[in-house]
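Here are the chains, one letter per residue:
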Amino acid sequence: MNLGFLRFCAAGALLAGLSPFFIGNTLAQETAPSPSVEVSSVTTRERVVALTFDDGPHATFTPRLLDVLKAHGVKATFFVIGMNVEQNPDVLRRIAAEGHEIGNHTWSHPNLAKLPEEAWRAQLQQTNDVIVRTIGAPPRIVRPPYGDITPEQEENIGRDFHYRVVLWSVDPDDWMEPLRPILLRRVFTHAEPGSIVLLHDIHASTVDAMPALIEGLQKRGLRFVTVSELLALESPPQPPATAAAAQPPPQRVVP
Ligand SMILES: [Zn+2]
């Protein structure tokens with residue numbers, strides 16, 4: 001068990017409102033599944049970013065994007081909508097075959113936080129199932145539409161679906177189809193090591209901007225990894241997650 005996992009468990013348990021006793025018990029037994037926890041960026045010593053593309057797969061724009069990613073040797077992450085997978089299974093198979101990561105983005109893009117339990121579970125389960133039927137493996141990550149999810153849903157998703165909940169730290173509002181220089185500037189201004197960039201592969205303007213976006217980030221010394229690769233590159237800023245180390249430092253008295 002690495003430190004990242006320890007921190008992940010503790011954070012998830014705190015988010016879920018569990019007591020410290022429960023955290024200790026869970027870690028000691030190592031039998032309970034990892035609780036899910038939101039992640040929107042990671043702290044890392046590597047100069048890496050994760051490009052993420054939501055709402056596809058699209059019959060035309062996703063293959064065009066895949067061509068660009070392949071030409072630049074870039075791996076990305078696609079948060080797919082179940083009903084779009086059903087319509088474009090070959091595109092999903094190509095995404096997987098070319099080494100990109102696939103995440104669950106619900107069946108029909110509702111706001112999960114506003115749905116009753118049976119409905120939001122069906123949104124995730126049906127999408128999980130169509131991904132498994134299409135590429136033979138389940139996703140390990142989920143992005144709730146609009147980034148909206150309740151703490152209770154997050155806890156249940158971690159326990160029952162074994163997903164991490166992945167948000168983002170850089171949002172250029174590409175879905176509003178801004179002019180390309182504006183889109184690029186938004187990304188270049190905010191992207192830094194450990195960033196997760198939110199984009200959508202259902203807009204021609206986004207796909208058309210990708211060569212310049214990729215090359216601009218490369219010029220800044222950044223390279224591209226999938227979300228799960230990014231999570232694995234997390235570097236805890238402080239050593240050892242002992243109980244003592246987890247306490248906040250004593251307040252320094254400034255003269
Ligand atoms: Zn979306």
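Preceding block: the structure.
Residues numbered from 1 in each chain as written. Predicted model: local features only at pLDDT ≥ 70, side-chain atom pairs only at ≥ 80, totals over all residues.

Asks: Explain the overall build of the chain to me, please; I cannot follow it from the model alone.
Replies: Within the chain, the regular secondary structure consists of 11 helices and 8 strands. With 255 residues in all, the chain has 40% of them scored as buried. The contacts in the chain between residues at least 6 apart in sequence include a share of 79% that link residues at least 24 apart. (Helix = DSSP H or I, 4+ residues; strand = E, 2+ residues; numbered from the N terminus. Buried ≥ 20, exposed ≤ 12 C-beta atoms within 10 Å, placed from the backbone. Contact = placed C-beta atoms within 7 Å.)

Asks: Even after reading the chapter, I still don't get the pairing of strand β4 (residues 101–104), so can you show me in this structure?
Replies: In summary, the side chains of a regular strand alternate between the two faces of the sheet. Every second residue of β4 is oriented toward a common face, with E101 and G103 on one face and I102 and N104 on the other, all of them buried. As judged from the 4 bridges shared by strand β3 (residues 77–80) and β4, these two strands associate in the parallel manner. From the neighbouring strand, V80 faces β4, where its bridge partner is N104. (Pairing = 2+ DSSP bridges.)

Asks: Which parts of the structure should I look at to understand the nonpolar core?
Replies: Across soluble globular proteins, nonpolar side chains have a tendency to be buried as a group. One finds A50, L51, V142, I196 and V197 to be the most contacted residues of the largest nonpolar core, which totals 56 residues. Setting aside chain neighbours within four positions, we find I196 in contact with S40, S41, A50, T52, V166, W168, S169, V170, V227 and L230. (Core = buried A, V, L, I, M, F, W, Y, C linked by C-beta atoms within 7 Å.)

Asks: Sorry if this is basic, but what is going on with unusual backbone geometry here?
Replies: Most of the time, phi is negative for any residue but glycine, and the peptide bond is trans. That bond from G56 to P57 is cis: its omega, 0 degrees, falls within 30 degrees of zero. Following the sequence through the fold, P57 ends up in the loop between β2 (48–54) and α3 (61–72). Positive phi, normally seen in glycine, also occurs at D55, with a value near 85 degrees. In this structure, D55 sits in the loop between β2 and α3. When the 21 C-beta atoms within 10 Å are taken as the criterion, D55 is described as buried. At E177, a position not held by glycine, the phi torsion is positive, near 55 degrees. On the secondary structure map, E177 appears in the loop between β6 (164–166) and α8 (180–190).

Asks: Would you mind showing me how to read helix α7 (residues 151–160) here?
Replies: Because an α-helix packs 3.6 residues into every turn, residues spaced three or four apart end up facing the same way. Listed as buried for α7 are Q153, E154, I157 and G158. Mapping the buried residues of α7 onto a view down its axis gives an arc of 130 degrees, with all of them on the same face. Residues of α7 that are exposed and point more than 90 degrees away from the buried face comprise P151 and E152. Just downstream of α7 lies H162, where phi reads positive at about 60 degrees. (Arc of directions from axis to C-beta.)

Asks: Sorry, what's going on with the environment of E98 here?
Replies: Mapped onto the secondary structure, E98 falls in the loop between α5 (89–97) and β4. With 13 C-beta atoms packed within 10 Å, E98 lands in the partly exposed category. The spacing of E98 and K70 is 28 residues in sequence and 7.8 Å in space, taken between C-alpha atoms. Apart from the residues within four sequence positions on either side, E98 is in contact with L66 and K70.

Asks: So what exactly am I meant to see when it comes to α5 here?
Replies: Among the residues of α5, those classed as buried are V91, L92 and I95. Angularly, the buried residues of α5 cover 100 degrees about the axis, an arc narrow enough to put them on a single face. Exposed residues lying more than 90 degrees from the buried face of α5 are D90 and A97. Looking at the buried positions of α5, the neighbouring elements they touch are α3, β3, α4 (82–87), β4 and α6 (117–135). Following α5 by one or two positions, G99 adopts a phi angle in the positive range, close to 90 degrees.

Any functional reading would require information that these geometric values do not contain.
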